[in-house]
Amino acid sequence: MLQFDYQDAGGGVITAVFGEPQGRSWWRVAIHIGERMLVLSVDEDTDQIEATLEPVAVGGDWRPIHALDPIVGRSLGWCWVGRNSQGYLDMFSLGFDGIEPEVLFLAEASALRLKRISDIG
């Protein structure tokens, strides 16, 4: 899933969040951290989430993901990788300004769905 050393991204201040739309989901999501972006995408063959750290891209069909505006300006915290009962890596969650997870990315039918995480109780 992680195609890089997460410590190279963790702690960086988020400057923008963009996605390439696919209906109500996203083909890819890019979390900009300075001159780089943490890119989450789904492998079309396995429906597993892949995470890469890439230079900021220009052009394409990137659009702001306004639902994630509240994380802009915050520091990228810890990440968690989730495996389903079939062994596929199809969940990825992120925390901001620390270690509490706040956003979940779920691979569904070769696309990313975004979910907010909230405490129960």
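This section reports on the structure supplied with the text. Please read all numbers here as calculations on a predicted model, not as lab measurements. Throughout, a residue's number is its position along its own chain's written sequence, starting from 1. Where local features are concerned, this predicted model is filtered to residues with pLDDT of at least 70; where side-chain atom pairs are given and counted, the filter is 80 or more; whole-chain, interface and lining totals use all residues. Excluded from the side-chain calculation are hydrogens and water; included are all heavy atoms of the structure.

Observations regarding the overall build of the protein
For step 1, the next point in the chain: Scanning the protein for helices and strands turns up 0 helices and 9 strands.
For step 2, the next point in the chain: The numbering of helices and of strands both runs from the N terminus, where a helix is a DSSP run of H or I of at least 4 residues and a strand a run of E of at least 2. Moving toward the C terminus, one meets the helices and strands of the protein in the order β-β-β-β-β-β-β-β-β.
For step 3, the next point in the chain: Against the globule reference of 14 Å for 121 residues, the protein gives a C-alpha radius of gyration of 13 Å, in line with a compact fold.
For step 4, the next point in the chain: Taken over the C-alpha atoms alone, the protein extends approximately 40 × 35 × 25 Å along its principal axes.
For step 5, the next point in the chain: Accessible area is worked out with a 1.4 Å probe on protein chains only. A residue is then buried under 20% of its type maximum, exposed over 50%, and partly exposed in between. The buried share among the 121 residues of the protein stands at 40%.
For step 6, the next point in the chain: It only takes one pair of heavy atoms within 4.5 Å for two residues to be counted as in contact. For the protein, the proportion of contacts with a sequence separation of at least 24, taken over those separated by at least 6, is 46%.
For step 7, the next point in the chain: For the area figures, the Shrake-Rupley method with a 1.4 Å probe applies, and any residue is considered shielded solely by the protein chains shown. Of the accessible surface of the protein, which amounts to about 6,700 Å², a share of 49% is contributed by carbon and sulfur atoms. Radius of gyration means the value over C-alpha atoms here, while the globule rule gives 2.2 Å times the residue count to the 0.38 power.

Notes on the pattern of salt bridges
For step 1, the next point in the chain: Here, a salt bridge means any Lys or Arg side-chain nitrogen found within 4 Å of an Asp or Glu carboxyl oxygen. According to the stated counting rule, one finds 5 salt bridges in the structure shown.
For step 2, the next point in the chain: Across the pair Asp97 and Arg74 runs a salt bridge, and its minimum N-O distance is 2.8 Å. Separated by 23 residues along the polypeptide, Asp97 in the loop between β7 (89-96) and β8 (101-108) and Arg74 in the loop between β5 (63-64) and β6 (76-83) bring together distant segments of the chain.
For step 3, the next point in the chain: By relative accessible area, which is 22% here, Arg74 ends up partly exposed.
For step 4, the next point in the chain: Among the salt bridges present, the one from Glu108 reaches Arg113, with a minimum N-O distance of 4.0 Å.

Remarks on the environment of Pro21
For step 1, the next point in the chain: Mapping Pro21 onto the fold places it in strand β1 (residues 14-22).
For step 2, the next point in the chain: For the pair Pro21 and Ile99, spaced 78 residues apart in the sequence, the C-alpha separation amounts to 28 Å.
For step 3, the next point in the chain: Ignoring any residue separated from it by four or fewer positions in sequence, one finds Pro21 in contact with Trp26, Trp27, Asp61 and Arg63.

Interpretation note: all reported values are geometric properties and have no functional meaning in isolation.
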